[in-house]
Every structure is written in structure tokens, then in C-alpha cells.
Amino acid sequence: MRKIHVDLEKQVDESYDINLSSGFIEDTLSHYEDAFFLADSTVYAFYGELFQGRRTFVLEASEKAKSIESVISVLEFLHDGGCRRDGTLVAVGGGITGDLGGFAASLYMRGINYVQVPTTLLSMVDSSVGGKTGVNFLTSKNNIGAFHQPKAVYIDTDFLKTLDDDEFLNGMAEVVKYGAIFDADFFDMLLEKKAEVIARNQDVLLEIITECCRMKAEVVKEDEKEQGVRKLLNFGHTFGHAIETDSGFAVKHGFGVATGMYLENMFGLKEGYCSEDSVKRLSEILDAYGFDKEYKIKDKDAFFAALSADKKADKKGLTVVFASEIGKAEWVSGIKADLVKDFYC
Ligand code: GLY
């Protein structure tokens, strides 16, 4: 047998910087005069002046609009505006905008540059970093997409000043996740500094966001395509995505993840994958920040169909992540959906 190895590793340098500070975005965007902009409707309403005189597509910021149809609209916008292969799409908004914009950028002319300007806490700490792009399709979350790394990420914490409380808490769920799976000291700090966090102390928030991005960057560097350690970032997401879907997206991503983390660890406790202390401390922090730990399923069949259709599932079963101890996580594959069903029903 002859073999020809096509070595694609490191042929393209995909490195980029995550730039974090406050009050710098207007100046930075002035360096993107020729770019195409994708702005989410909420950001556009608050910060319309940022887009004055720029080619801008305004996207409705809802999970329902995170669709292949919206991607086609963005592709038309790029095409009609004469975007070429060396063009750049700058996505300014929350996770929906970043994921959708990144996916459109990955498709247009087989991939153009894109830049992430996350404006929500959730997108700052998670979705803007790491190159996962995509949209929801039929009954599942984020089930079509591509890995396409941004050229740069600009995190301006001033955007958080206009974020509503619900959306802020939505992001805090992902922040708690980092502590639960990777760093017990960070986890404890989130409890100790809860008052400052809730008051949106800018220094504390910048520290927290920087720390989350540092953890995420390490993970992505080690495992860009989620063959190993990156799977841990899915803690809470197996249940979380099913909750979001079952609720018709009335439950936002972070809230689904918060409940999902708790339920996954409760299931893990029953199956021997995590400690009682882990469940107890997770429960404590979720209570402190006011997250729901329970979710009443609306349609059991649809819920378990969504769970089984999870991207991480394969023919052997589900893959579920557990925070075995606070600050330490593992994933377990081949878990039968029926076992989860027995636990939950
Ligand atoms: N949001 C999880 C990841 O980027 O891998």
C-alpha cells in the first residue's frame, strides 16, 4: 500500500490577538474603513454612530434569526457590495452575530477575513474566541458550521454598560463554567466578588474576562478542532442545548448552560463521575447568582430527540462533561440516552 501524506499542519498561520480594554473601539474600527460590517439590531440601536458611513448589514439578534437564511442574506450583502477575496467582515454584536458572521465569512469565496467585536459578556468570554462558527438548523443548535478563526478579537468592556441584566447573567453562566472546569481559585473569587460583579465593576469585569479568554486561548491552542481538551468547554451544553431547543429558545444559552451544568453534575454524581462537593459548590454559586437549577421539560420526546441529536453524540451514545471536582473536569462518551432519560424523568 502506498501512502501519500498531505501535511497541512502549520501551512497557514492562524494566530491572532484578543485585544481587551475599555473605550477604544471607535478608534480601532477607524482602521477598518474598507470592511463590511455586520451589526446586531440591539447594538445598532445603542451604537448606531459606530456604523455611520460604513457598509453595514443589521441582523436581528435572536436564535430564530441564527439561520441559514440569514447567512444567505449576509452572503448577498457581501456579493452585492463587491466584497472580494481579500475583504473583511467585522461582526459587532453578541454570540449570534459573531457565530453567524464567522460562518458567512467562512463560506464567502471559500473564506474571507473576519474580525470579532463581541458586545455581550457571553460573546466576550466564549464565542468570539476559538473560531467556532455556525447557525441553528431544523431542530438543533449550531449544527451546521465551520471552524474559521477570526483575524482579531477586540473586547471593549464599555459595551457592557448598556447590557441588560438578563443578558449580563446569561454571560456569567459561561464565566462560572470556566471556574468549575479549570480553576477552583477563580471559581471561589466569583463567589467572593459577587457584589462587585453584579455592580459591574469595570476593573473586576476586565480581570474576569481576561482570565476566561486566557483559559480559552490555552484550550484552543492545544485543541483547535475539539478532538480532546476543548470538549471540556461543553460542560452544561448537552443538557443546555436541549433545554434551549425545548423552550423554543425562550431560555437563553447561558441560562440553559447554568441549569445544564447542575443537571449534568447531578447525573454525574449518580453515575459516579463527580463528587458531592462539586455538586454542592456548583449549586451554591448558581443560587448566589440567581440561576435556575431545574427545568420543566415541555415536550419529552422533542427534548430527548434534541439531546440525542447533540453534535457531540455518536453512534455509541452521548458525550457528557462533568466537573468531577470544582476546577477539574472530564468527559465521558458512549452514554446511552436512555440512561439520561431514566435520570431526568
Ligand atoms: N463554546 C465552546 C467552544 O468554543 O469550544
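The present account deals with the structure reproduced in this document. (Residues numbered from 1 in each chain as written. Predicted model: local features only at pLDDT ≥ 70, side-chain atom pairs only at ≥ 80, totals over all residues. Heavy atoms only, no water.)

**A closer look at the site of the ligand**
Item 1. Around the ligand, the structure places Asp126, Lys132, Lys216, Arg230 and Leu233.
Item 2. At a separation of 3.0 Å, a nitrogen atom of the ligand approaches a polar side-chain atom of Asp126.
Item 3. Between the ligand and Lys132 there is a distance of 3.0 Å, counted from an oxygen atom to a side-chain nitrogen or oxygen.
Item 4. Notes on the ligand: free accessible area 200 Å², of which the protein chains cover 90%. (Near = heavy atom within 4 Å. Polar contact = N/O pair within 3.5 Å; in protein donor to acceptor, adjacent residues only side chain to side chain. Areas by Shrake-Rupley, 256 points an atom, 1.4 Å probe, with all protein chains shown as cover.)

**Looking at helix 3 (residues 68-80)**
Item 1. Taking 1.5 Å of rise per residue, 13 residues should cover 18 Å, and helix 3 covers 18 Å from first to last C-alpha, within 8% of that figure.
Item 2. The complete set of buried residues in helix 3 reads Ser70, Val71, Val74, Phe77 and Leu78. Along helix 3, the residues classed as buried sweep out an arc of 115 degrees about the axis, all on the same side. In helix 3, those exposed residues whose orientation departs by more than 90 degrees from the buried face are Glu69, His79 and Asp80.
Item 3. Looking at the buried side of helix 3, the elements it contacts are strand 2 (36-40), strand 3 (55-59), strand 4 (88-93), helix 4 (95-107) and strand 6 (132-137).
Item 4. At the exit of helix 3 stands Gly82, carrying a positive phi of roughly 80 degrees. (Helix = DSSP H or I, 4+ residues; strand = E, 2+ residues; numbered from the N terminus. Expected span 1.5 Å × (residues − 1). Buried < 20%, exposed > 50% of the residue type's maximum accessible area, 1.4 Å probe, protein only. Arc of directions from axis to C-beta. Contact = heavy atoms within 4.5 Å.)

**Comments concerning the pairing of strand 9 (residues 318-325)**
Consecutive residues of a regular strand have side chains that alternate between opposite faces of the sheet.
Item 1. The buried count for strand 9 comes to 7 of 8 residues, which makes it a mostly enclosed element.
Item 2. Taking the residues that link successive antiparallel strands as the turn, the strand 9-strand 10 (residues 328-335) hairpin has 2 residues, and the phi of Gly327 there is positive, at about 95 degrees. (Pairing = 2+ DSSP bridges.)

**Here's the deal with the sheet that holds strand 8 (residues 152-156)**
Item 1. Read from one edge of the open sheet, 6 strands run 1-8-5-4-2-3, paired in parallel fashion. In this open sheet, the two strands that pair with only one neighbour each are strand 1 (17-21) and strand 3. Adjacent strand axes in the sheet meet at a mean angle of 15 degrees when their direction is disregarded.
Item 2. Where strand 5 (residues 113-118) and strand 8 come together, 2 bridges link them in parallel fashion. (Axes fitted to C-alpha atoms, helices over the stretch in contact; angles between N-to-C directions.)

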